[in-house]
Amino acid sequence: MRFRTSIDDIQTFSRIVQTIEKIQKKCIVRFTEDDVHIICNSETNEGSLQVWCKLRVDCLFSDYRIQSNSENTITLMLSPEALLVALRSATPPSTSSSNTSGYETEEVVMKLAKKNDQAVLSFEISGLSRAGRRMRVTHDVRIDVMKPADVELLEEPRVPEPDVHVVLPPLSKLKTIVERLKPMANVLAFRANNNGKLQLSIYTESVKVDTDWNNCVNPKVQRQNDERDPDELHEVCISLKGFLKVMNSYIVSTTTIACLCHQYCIILYVYIGDVADARGVLTFYIPAMVSE
Amino acid sequence: MMPQDRDQSTPILKASVHDVRYLTALFRGVNFSNRATVTITRTGFTITVEEAHALLAFIFATLFDEYAYDQPGSGEDLDSQSNDGDNTAFEIPLNTVIECLNIFGSAGMSMSTSGSYRKWKISDGGSENDDERNEEHDPTKQKKNGTLAGRGIESYFGGGSEKRTSMRLSYSGPGYPLTMILAEDASGPTTTCEITTFEPEPILDLNFDNSRLLLKIILKSSWLREALMEIDASCEKITIISSPPGEATTIGIGRRRPLEKPILRIHAEGAFGSTQMDYPNDKDVLETFECEKPLKFSYRFAHINRTQRALQNSIKTSLRIDDEGLLSLQFLMPSPQVRTNQEGQPSAFIEFRCLALDDEGLE
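Rules behind the numbers
- Residues numbered from 1 in each chain as written.
- Chains lettered and ligands numbered in written order.
- Predicted model: local features only at pLDDT ≥ 70, side-chain atom pairs only at ≥ 80, totals over all residues.
- Heavy atoms only, no water.
- UniProt positions renumbered as here; feature names shortened; annotations may be inferred.
- Helix = DSSP H or I, 4+ residues; strand = E, 2+ residues; numbered from the N terminus.
- Buried < 20%, exposed > 50% of the residue type's maximum accessible area, 1.4 Å probe, protein only.
- Areas by Shrake-Rupley, 256 points an atom, 1.4 Å probe, with all protein chains shown as cover.
- Rg over C-alpha atoms; globule rule 2.2 N^0.38 Å.
- Lys, Arg positive; Asp, Glu negative; His and termini not counted.
- Charge placed at Lys NZ, Arg CZ, Asp CG, Glu CD.
- Contact = heavy atoms within 4.5 Å.
- Buried area = accessible area lost by both parts, 1.4 Å probe.
- Salt bridge = Lys/Arg side-chain N within 4 Å of Asp/Glu carboxyl O.
- Polar contact = N/O pair within 3.5 Å; in protein donor to acceptor, adjacent residues only side chain to side chain.
- Nonpolar A, V, L, I, M, F, W, Y, C, P; charged D, E, K, R; others polar.
- Pairing = 2+ DSSP bridges.
- Axes fitted to C-alpha atoms, helices over the stretch in contact; angles between N-to-C directions.
- Parallel < 35°, antiparallel > 145°, perpendicular 65-115°, else oblique.
- Left-handed = near helix turned anticlockwise from the far one by under 90°.

As annotated in an unreviewed UniProt entry, chain B carries the name Rad1-domain-containing protein and is attributed to Amanita muscaria. The record held by UniProt for chain B lists under Sequence similarities (unreviewed entry) the comment "Belongs to the rad1 family."

An unreviewed UniProt entry annotates chain A as Checkpoint protein of Amanita muscaria. As stated in UniProt under Sequence similarities (unreviewed entry), the record for chain A gives "Belongs to the HUS1 family." Annotation of chain A in UniProt includes, under Subcellular location (unreviewed entry), the sentence "Nucleus".

A.B. asks: Help me out: how do you make sense of the overall build of chain B in this one?
C.D. replies: Helix and strand content of chain B: 8 helices and 18 strands. Relative to its full complement of 363 residues, chain B shows a buried share of 52%. Total accessible area on chain B is roughly 16,600 Å²; 47% of this is exposed by carbon and sulfur atoms.

A.B. asks: Help me understand the overall build of chain A in this model?
C.D. replies: Within chain A, the secondary structure is distributed over 6 helices and 17 strands. What you see for chain A is a C-alpha radius of gyration of 21 Å, in line with the 19 Å of a compact globule of 292 residues. Projecting the C-alpha coordinates of chain A onto the three principal axes gives extents of approximately 65 × 45 × 35 Å. Each of the 292 residues in chain A was classed as buried or not, and the buried ones make up 53%. About 14,500 Å² of surface is accessible on chain A, with carbon and sulfur atoms providing 44% of the total. Looking at chain A, you have 34 positive and 38 negative side-chain charges, and the mean spots of the two groups are 8 Å apart.

A.B. asks: Before we go on, may I ask you to explain the interface of chain A and chain B in this structure?
C.D. replies: Frequently, the measure chosen for interface size is the accessible area removed from exposure when the parts meet. Contacts between the two partners involve 17 residues from chain A and, on the opposite side, 20 residues from chain B. The largest per-residue losses of area from chain A upon contact with chain B belong to A:Arg180, A:Ser206 and A:Lys208, which jointly make up 34% of the total buried on that side. Where chain A meets chain B, there are 1 salt bridge. The closest approach of N and O atoms between A:Lys208 and B:Glu194, which form a salt bridge, is 4.0 Å. Seen at the junction of chain A and chain B, the total is 7 residue pairs in polar contact (both at pLDDT 80 or more). For the side of chain A that touches chain B, the secondary-structure elements that each account for two or more residues are α5 (171-181) and β13 (207-213) of chain A. With 7 residues, β13(A) is the single largest residue contributor to the side of chain A that touches chain B. Class assignment of the residues belonging to the side of chain A that touches chain B gives a composition of 7 nonpolar, 4 polar and 6 charged. Strand direction decides the pairing type here: β13(A) and strand β9 (residues 190-195) of chain B, joined by 6 bridges, are antiparallel.

A.B. asks: Just to check I follow, could you spell out helix α1 (residues 21-29) of chain B for this structure?
C.D. replies: Along an α-helix, residues three or four positions apart point the same way, because every turn accommodates 3.6 residues. Most of α1(B) sits out of view: 9 of its 9 residues are buried. What α1(B) keeps buried is the set B:Arg21, B:Tyr22, B:Leu23, B:Thr24, B:Ala25, B:Leu26, B:Phe27, B:Arg28 and B:Gly29.

A.B. asks: So what exactly am I meant to see when it comes to the packing of α1(B) against helix α2 (residues 94-101) of chain B here?
C.D. replies: How two helices sit against one another is set out by the angle between their axes and by the gap between those axes. Residues and elements named next belong to chain B. Look at α1 against α2: their axes get within 10 Å of each other, and the N-to-C directions meet at 155 degrees. It follows that α1 is roughly antiparallel to α2 by the angle criterion. Crossing of α1 over α2 shows left-handed handedness. Side by side, α1 and α2 meet where Thr24, Phe27 and Arg28 of the first sit next to Leu94, Val97, Ile98 and Leu101 of the second. Of the residues assigned to the contact of α1 with α2, the class counts are 5 nonpolar, 1 polar and 1 charged.

A.B. asks: Help me understand the packing of α5(A) against helix α6 (residues 240-247) of chain A in this model?
C.D. replies: Residues and elements named next belong to chain A. With their axes 9 Å apart at the nearest point, α5 and α6 run at an angle of 150 degrees to one another. With respect to α6, the axis of α5 lies roughly antiparallel. Like other packed secondary-structure pairs, α5 and α6 cross with a definite hand, here left-handed. Where α5 abuts α6, its residues Leu171, Leu174, Lys175, Val178, Glu179 and Leu181 lie against Leu240, Phe243, Leu244 and Met247. Among the residues making up the contact of α5 with α6, the classes are represented as 8 nonpolar, no polar and 2 charged.

A.B. asks: Can you help me understand the pairing of β9(B) in this one?
C.D. replies: Along a regular strand, successive side chains alternate from one face of the sheet to the other. Residue and element names in this part refer to chain B. Residues of β9 alternate between two faces, with Thr191, Cys193 and Ile195 buried on one and Thr190, Thr192 and Glu194 left unburied on the opposite face. Two elements, strand β8 (residues 178-183) and β9, share 6 bridges in a ladder whose sense is antiparallel. Each residue of the ladder has a partner; that of Thr179, found in β9, is Glu194. Taken together, β8 and the strand that follows it, β9, pair antiparallel across an intervening segment of 6 residues.

A.B. asks: Please explain the pattern of salt bridges as it appears in this structure.
C.D. replies: One side chain can pair with another of opposite charge once the charged atoms of both are near each other. Residues and elements named next belong to chain A. As enumerated under the stated definition, the model contains 22 salt bridges over all chains in all. A salt bridge links Arg136 to Glu124, with the nearest nitrogen and oxygen atoms 3.5 Å apart. Taken together, the residues Arg136 in strand β9 (residues 134-145) and Glu124 in strand β8 (residues 118-129) connect sequence positions 12 residues apart. The exposed category is assigned to Arg136, whose relative accessible area is 60%. Overlapping salt bridges bring together Lys111, Glu124 and Arg136 as one network.

A.B. asks: Looking at this model, I keep getting lost on the sheet that holds strand β1 (residues 13-17) of chain B. Mind explaining?
C.D. replies: Hydrogen bonds between backbone atoms are what pair the strands of a sheet, whose relative direction is either parallel or antiparallel. Read across the sheet, 9 strands follow the order β14(A)-β11(A)-β12(A)-β13(A)-β9(B)-β8(B)-β7(B)-β1(B)-β5(B) without closing on themselves; strand pairing throughout is antiparallel. Across the chains shown, the open sheet's two edge strands, defined by having one partner strand only, are β14 (234-239) of chain A together with β5 (66-69) of chain B. Taken pair by pair, the neighbouring strands of this sheet meet at an average axis angle of 15 degrees, ignoring direction. Its contacts with the sheet place α6(A) against β11 (187-192), β12 (198-203) and β14 of chain A, and it is angled at close to 90 degrees to β14(A).

A.B. asks: Can you walk me through the environment of B:Pro280 in this structure?
C.D. replies: Residue and element names in this part refer to chain B. For Pro280, the position within the fold is in the loop between β13 (273-279) and β14 (286-291). In this structure the C-alpha to C-alpha distance between Pro280 and Leu264, which are 16 residues apart in sequence, comes to 7.6 Å. If we ignore the near neighbours within four places in the chain, the residues touching Pro280 are Ile263, Val285 and Leu286.

If you want it as structure tokens, here you go:
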């Protein structure tokens with residue numbers, strides 16, 4: 001099993017990890033020849049949401065070399081928090097306020113290694129100090145390589161054909177609104193129709209708040225029976241806290257498409273980079289809340 | 001009191017503002033207890049918050065662009081003094097209202113003026129207020145908040161976003177929710193909030209009788225704010241000592257010895273020591289100073305500290321104490337236009353009334 005690559009777009013990579021880190025303590029990372037997948041599929045997180053992220057290798061990495069006995073894929077489990085720490089120290093100072101390292105990064109190499117019988121993802125950061133001296137920083141992120149049998153069990157959630165597809169307003173805007181709603185309610189009603197309408201609602205004993213958008217875009221999708229009333233609102237009640245965590249992906253998002261399966265789930269496709277030339281997509285499966 | 005079957009389409013109160021920041025600043029100033037009583041009158045409405053049966057805060061707002069109160073069952077009674085009974089009152093959760101007003105994050109998130117508070121400046125202190133007023137009127141100046149550090153309206157609201165939330169409010173009577181419709185611009189989303197209203201609880205009656213007035217001071221809010229900021233939060237009580245200017249002896253001058261009878265002294269005592277601050281008898285500091293006779297009253301500092309939010313954002317403060325020690329602090333708040341109503345009162349102020357701690361009384 002061999003794996004080694006240079007990371008070109010550290011900023012995007014660390015922003016994605018930043019989003020993931022808010023959702024789950026452990027995540028699965030799977031490297032294939034063409035793509036990197038980041039998966040959160042635990043049932044234990046807030047609102048039991050799942051993330052299936054797919055990124056094109058050539059958008060983030062260069063000099064990418066992978067070799068393994070299972071069709072050249074490597075699947076491992078790691079703590080996104082630890083990964084983020086490693087990436088932060090590799091982030092150029094100008095683009096990240098959290099970087100306190102005070103050196104300029106020239107190259108970041110990520111490779112699979114074994115140190116003291118422990119498998120690690122090793123990050124070798126080489127750069128120049130402020131005084132112009134060459135320096136190397138190495139971060140080892142502890143990982144667990146997953147057994148092929150366990151990897152085979154990984155499966156994206158199966159969902160029925162969505163009732164509504166809608167392009168969401170900028171996630172940063174949505175996030176502000178959802179943040180305000182957070183102290184007031186636990187359940188968020190997410191409604192949309194096929195005629196450009198989107199509504200976020202909370203309803204509690206003390207307050208009812210509806211926020212309406214009327215000029216959203218419904219992307220065209222091929223559908224078997226398109227006889228339905230486009231004005232019919234479809235609703236999914238979801239965990240407000242969980243949704244707020246999803247909103248953290250605003251830092252990488254360009255376009256976001258939400259698909260609603262009436263009272264069943266919402267699937268959120270958060271595109272990284274332009275949709276046409278998608279560098280990657282974060283897919284969030286947000287199930288409807290069972291009761292309440 | 002009024003028919004329950006009133007149609008929701010005919011609200012008894014309709015009001016609107018084009019910028020919710022002024023209103024939100026008022027609400028935030030009294031946001032120390034979640035339940036607030038709203039009393040709607042013909043000219044505006046008051047919001048009353050009470051704490052520990054000793055502190056009462058209310059705001060009086062007439063800063064609406066549009067305001068229509070259709071009194072239930074009112075005749076053509078034009079005598080404004082006699083229609084007190086026609087006022088409508090209800091209780092609302094104040095926190096929720098504030099969150100709703102700030103739904104788009106443009107109701108002025110950071111209200112702190114910590115980075116830009118004014119220094120003690122005796123020389124040009126008197127002109128400061130006028131500058132602020134002018135800037136409020138001038139929309140171009142509001143926008144370049146970055147260059148106006150510490151001055152102008154943006155210093156009250158933290159500046160930042162260019163967008164303003166406008167709001168339309170309606171209320172259909174007891175049993176109906178308070179409805180607010182909020183929007184940033186025509187193309188953006190609109191938010192409709194229906195806030196449950198409750199029957200009002202009786203409010204503590206702390207009437208301030210002007211005929212029993214002992215002390216009346218009007219000063220720029222920053223003078224008071226900076227004095228209160230000096231006081232450690234662990235302090236138990238704060239004492240206000242004052243005496244008429246004629247009786248204030250001036251032997252201390254030049255020797256930095258505290259005056260025997262200061263015209264205004266704030267004394268705070270806590271576990272770690274005490275703080276004492278004297279104000280000079282200077283028109284630049286105390287715009288108005290009227291003191292009938294020497295007085296000394298103590299208040300719980302925790303109560304006085306509740307005024308901080310309001311004080312921070314206010315322009316001027318009026319401090320009054322009556323012969324039983326009832327303290328009234330009125331803060332003139334920034335408003336889109338400094339208008340006055342019939343009684344000549346400014347359109348938006350926050351008033352705190354606080355009972356004195358014990359009967360230390362007069363000296």
